[in-house]
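In case you want the letters, here they are:
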Amino acid sequence: MSPSVDYYFAAQSPWTYLGHPRLAAMARATGAAVRVLPVDLGQVFPVSGGLPLGKRAPQRQAYRLLELQRFSELLALPLTIKPRYFPVSSDDAARLIVAVDTHDGADAAMKIAGAVFAAVWAQERDIADERVLAQLLSEQGLNPARLEQSHSQAAHERYEANTRQAIEAGVFGAPSFVVDGELFWGQDRLDFVERKLKAWAHR
């Protein structure tokens, strides 16, 4: 059986943006299947004890900016530390990723997810604007009907189901990865994810 990764993330997360290309490359290299699972951190944090960014201590907020700069430089990924459209509601973008995954599969969902992350953190575009979401679909060569489908009851229910599943899996932040029942939190833990995937592939 091929290895698989449950990939939990919030569509506005800079850490997910930084880790996304490496996860995609890792999945290709190991033959792992990725289950693309956008979640609502607004529901996760009250359960996990996490705080929204604006409610965190000033020291933590300042250090977050420092770490974002460090990882952006280390990974050679462009990142605007304080983008124009952040904080931003990401529910519509998350449901769009769900709709693409439902109708086009995980590879397409990974593509549109990467485009959403880059829109916020590299391009300073507003992912709460439906016109931007429509543009992202077009830029990725995906069916424009996915935008309307993202408003369906099915998309809403799956987004909620993803969030419940994340809570049950012990997820408390984004991105999080679950491989063979083991939880890994953060883009800086992808080396451990890769080791786990390789061990699974060779067992």
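All residue numbers here refer to positions counted from 1 along the written sequence of the relevant chain. In keeping with the predicted nature of the model, local features appear solely for residues at pLDDT of at least 70, side-chain atom pairs appear and are counted solely at 80 or more, and the whole-chain, interface and lining totals rest on all residues. Heavy atoms throughout the structure, all of them, feed into the side-chain values; hydrogens and water do not.

## Some thoughts on the overall build of the protein
By definition, any uninterrupted DSSP run of H or I lasting at least four residues is a helix, any uninterrupted run of E lasting at least two residues is a strand, and each is numbered from the N terminus. Regarding its fold elements, the protein presents nine helices and four strands. Its helices and strands taken in sequence order, the protein reads β-α-β-α-α-α-α-α-α-α-β-β-α from the N to the C terminus. Atoms counted for the radius of gyration: C-alpha only. Globule rule: 2.2 Å times the number of residues to the power 0.38. For 203 residues, the compact-globule estimate of 2.2 N^0.38 gives 17 Å, and the protein sits close to it at 16 Å. C-alpha atoms of the protein, sized along the principal axes, occupy 45 × 45 × 35 Å. Type-normalised accessible area, obtained with a 1.4 Å probe on protein chains alone, sets the label of each residue: buried when under 20%, exposed when over 50%, and partly exposed for intermediate values. Looking at the protein as a whole, 46% of its 203 residues are labelled buried. Within the protein, contacts between residues at least 6 apart in sequence are counted, and of these 72% link residues at least 24 apart. Per-residue accessibility takes into account occlusion by the displayed protein chains alone, with areas from the Shrake-Rupley method and a 1.4 Å probe. Total accessible area on the protein stands at roughly 10,100 Å², and carbon and sulfur atoms take up 51% of it. Side chains of the protein carry 22 positive and 23 negative charges; the gap between the two charge centres is 5 Å. The contact criterion used throughout is that any non-hydrogen atoms of two residues lie within 4.5 Å. When charges are tallied, Lys and Arg are placed among the positive residues and Asp and Glu among the negative ones, while His and the ends of the chain are skipped. To locate a charge, the coordinates of NZ of Lys, CZ of Arg, CG of Asp or CD of Glu are taken.

## A closer look at unusual backbone geometry
Looking along the chain, the bond that leaves Phe-86 and enters Pro-87 is cis, with omega of 0°. Note on placement: Pro-87 falls in the loop between α3 (58–75) and α4 (91–104). With an omega of -5°, the peptide bond between Ala-174 and Pro-175 qualifies as cis. Along the chain, the position of Pro-175 falls in the loop between α8 (153–168) and β3 (176–179). Residue Asp-180 is not a glycine yet carries a positive backbone phi of 50°. Looking at where Asp-180 falls in the secondary structure, it is placed in the loop between β3 and β4 (182–185).

## A look at the side chain of Ser-90
By the element assignment, Ser-90 lies in the loop between α3 and α4. One polar contact links Ser-90 to Gln-12, side chain to side chain, over a distance of 2.7 Å. Those residues within four positions of Ser-90 in sequence are excluded, and the remaining contacts are Ala-11, Gln-12 and Ile-127. For this analysis, a polar contact is any N or O atom pair within 3.5 Å, provided that within protein one partner can donate a hydrogen and the other can accept it, and provided that sequence-adjacent residues contribute only side-chain to side-chain pairs.

## Focus: helix α1 (residues 14–30)
One fewer than the residue count of a helix, multiplied by 1.5 Å, yields its expected span. The terminal C-alpha atoms of α1, which comprises 17 residues, lie 25 Å apart, in line with the 24 Å expected from a rise of 1.5 Å per residue. Bending of α1 peaks at approximately 40° at the position of His-20, with proline Pro-21 no more than four residues after it. Taken as a whole, α1 has its buried residues at Pro-14, Thr-16, Tyr-17, Leu-18, Gly-19, His-20, Leu-23, Ala-24, Met-26, Ala-27 and Thr-30. Regarding α1, its N-cap is Ser-13, as a side-chain oxygen of that residue lies 3.3 Å from the backbone nitrogen of Trp-15 further along. At the C-terminal side of α1, Gly-31 shows a positive phi close to 75°. One axis fitted to the seven residues ending at a residue, another fitted to the seven starting there: the angle between these axes is the bend at that residue.

## With respect to the layout of surface pockets
Space inside the largest pocket adds up to approximately 1,200 Å³. With six residues, α3 is the single largest residue contributor to the lining of the largest pocket. Under the scheme applied, nonpolar residues are Ala, Val, Leu, Ile, Met, Phe, Trp, Tyr, Cys and Pro; charged residues are Asp, Glu, Lys and Arg; polar residues are all the others, including Gly. Of the residues assigned to the lining of the largest pocket, the class counts are 20 nonpolar, eleven polar and eight charged. A pocket, in this scheme, is an open set of points on a 1 Å grid over the protein atoms alone with protein on both sides within 12 Å along at least 5 of 7 lines, while a cavity is a set where a 1.4 Å probe fits but cannot get out; residues line either one if an atom lies within 4 Å of a point. Grid points are joined across faces, edges and corners, and a volume is the space filled by probe spheres set on the points. Considering only enclosed or pocket space, the second largest pocket measures out at about 240 Å³ in volume. What lines the second largest pocket is His-20, Pro-21, Ala-24, Ala-27, Arg-28, Ala-32, Ala-33, Val-34, Ala-106, Asp-107, Met-110 and Lys-111. Sorting elements by how many residues they give to the lining of the second largest pocket places α1 first, with five residues. Considered class by class, the residues forming the lining of the second largest pocket number eight nonpolar, one polar and three charged.

Purely geometric numbers; function is a separate question.
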